[in-house]
Every structure is written in structure tokens, then in C-alpha cells.
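Spelled out from the first residue to the last, the chains are:
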Amino acid sequence: MNETVEDYIARIITTLGDRDPLTVLAETPGRLRSLVSSATPDQLTWTSSPTRWTITQIVAHLADAEIAGAWRFRSVLAQDGIALGAYDQNAWAAAFRYEQAPATESVALFAALRTATLRVLRAVDPSRLQHAGLHSERGRESITRLEEMYAGHDLNHLAQIERLLSESRQAR
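All of the points below concern the structure found in this document. (Residues numbered from 1 in each chain as written. Predicted model: local features only at pLDDT ≥ 70, side-chain atom pairs only at ≥ 80, totals over all residues. Heavy atoms only, no water.)

Here's the deal with helix α1 (residues 5-16)
Look at α1: 17 Å from first C-alpha to last across 12 residues, which is about the 16 Å you get at 1.5 Å a residue. Those residues of α1 that fall on the buried side of the exposure criterion are Ile-9, Ile-12 and Leu-16. Down the axis of α1, the buried set is contained in an arc of 70°. They therefore lie on one face. Projecting away from the buried face of α1 at angles above 90 degrees are the exposed residues Glu-6 and Thr-14. If you follow the buried residues of α1, they end up packed against α2 (21-38) and α7 (143-170). (Helix = DSSP H or I, 4+ residues; strand = E, 2+ residues; numbered from the N terminus. Expected span 1.5 Å × (residues − 1). Buried < 20%, exposed > 50% of the residue type's maximum accessible area, 1.4 Å probe, protein only. Arc of directions from axis to C-beta. Contact = heavy atoms within 4.5 Å.)

Written out as C-alpha cells, the structure reads:
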């Protein structure tokens, strides 16, 4: 399935629903840590299909997405109207060997970056929260939209991890 940019945005925003994005962003590191720590080594590397990421790969992706997000938030807060580049998650997964990334290290990196980004969002002059960037694929993205997209992205991947854990238990 080739998902359009518009379909992706709609899916991620729908996943967020009426939840407060900042609350989701703050809760995700703990939820992720809990899910990963509850998984066995076999569950971390289990998948139902060679084309589907494992928990280890998803968590590595979340860490890298958080690197991109930390940069995007800071760039937009510092300079209204700045260009924001997209990245190819599959190219990153292959280049950085997500399947070999220790899940606990990926969680630690994700948590540290998320904590720092939330601190920046709380500390910045409120007028900067009105800034927006211009994403190369998704167009204009305000700070509020970035918060919504990252929160929905978190929920999407947390649900994937929960499904993989459940499926791996049933596959035994």
C-alpha cells in the first residue's frame, strides 16, 4: 500500500484523536520503556513477516525520529518559516542497521531527547510557539501541528509494539 502524504497526516491525526499532544509526548518514554522491558529477547526480534519491522527496529526508528523531531522543533522555534526536510525511514533503517540496535539503548536515546524537547517547548518565549516551518512533503507545519504529528506517531508505533507483543505470544 502506497500511502499519500495526505492519507498519512489524516491517519496520524486520527490516531491522536482528542488526546492532548503534550500529555502524549510526555507519557511516551515511560510507556515505551515499560513495553520494551516487558519483552523477551525473542519478542524484541520477532515479526510475522520479513517486510514488517520488529520491536527492536520500531524502537530504533522512534529514536531516530526523535532526533529529527528535536531538530525540527528547535529550528522552527528559532526561525519562523524555516525549511524542514523529510527523510526516508526505510533508508535510515537499512543504513543504520536498526535490526542490530539494542532496544534499551534506543529507548534511552528517545527518552533523553524527548525530555529535552519538552523542556524547550515549556521554556521558550510563548510568541515563538506561533512559528511554523515548511516541511518538504507535508507543507506548512506549526509548532502545534508538529506536536500533534509526533504525538500521533508515538501512539501509532506504541500500538504496533503492543500488537507485535500480543502476536508473538500467540505464535508460540
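Read on for the rest.
Notes on the pattern of salt bridges
Between side chains of opposite charge, a pair can form when the charged atoms approach closely. What the rule picks out here adds up to 7 salt bridges. Glu-167 is the salt-bridge partner of Arg-52, the closest N and O atoms lying 2.6 Å from each other. Of this pair, Arg-52 sits in the loop between α3 (41-44) and α4 (55-78) while Glu-167 sits in helix α7, and the two are 115 residues apart along the sequence. With a relative accessible area of 26%, Arg-52 lands in the partly exposed category. Arg-114 is the salt-bridge partner of Glu-66, the closest N and O atoms lying 2.7 Å from each other. Linking Glu-66 in helix α4 with Arg-114 in helix α6 (residues 103-123), this pair joins segments that are 48 residues apart in sequence. The pair formed by Glu-66 and Arg-114 is uniform in burial state, with each residue classed as buried. Here the residues in one salt-bridge network are Glu-66, Arg-114 and Asp-154, joined through shared partners. (Salt bridge = Lys/Arg side-chain N within 4 Å of Asp/Glu carboxyl O.)

A closer look at the sheet that holds strand β2 (residues 132-135)
One open sheet accounts for 3 strands, arranged β1-β2-β3; its pairing is mixed. Strands at the two margins of the open sheet, each flanked by one partner only, are β1 (83-84) and β3 (139-142). Alignment of β2 against β3, held across 4 bridges, turns out to be antiparallel. Bridge pairing in β3 links Leu-134 to Arg-140. (Pairing = 2+ DSSP bridges.)

Some details on the packing of α1 against α7
Angle between the axes and distance between the axes: these two values describe a pair of packed helices. The N-to-C vectors of α1 and α7 enclose an angle of 80°; their axes lie 8 Å apart at closest approach. By the angle between their axes, α1 is roughly perpendicular relative to α7. Here Tyr-8, Ile-9, Arg-11, Ile-12, Ile-13, Thr-15 and Leu-16 of α1 come into contact with α7, specifically with Arg-145, Glu-148, Met-149, Ala-151, Gly-152, His-153, Leu-155 and Asn-156. Tallied by class, the residues present in the contact of α1 with α7 amount to 8 nonpolar, 4 polar and 3 charged. (Axes fitted to C-alpha atoms, helices over the stretch in contact; angles between N-to-C directions. Parallel < 35°, antiparallel > 145°, perpendicular 65-115°, else oblique. Nonpolar A, V, L, I, M, F, W, Y, C, P; charged D, E, K, R; others polar.)

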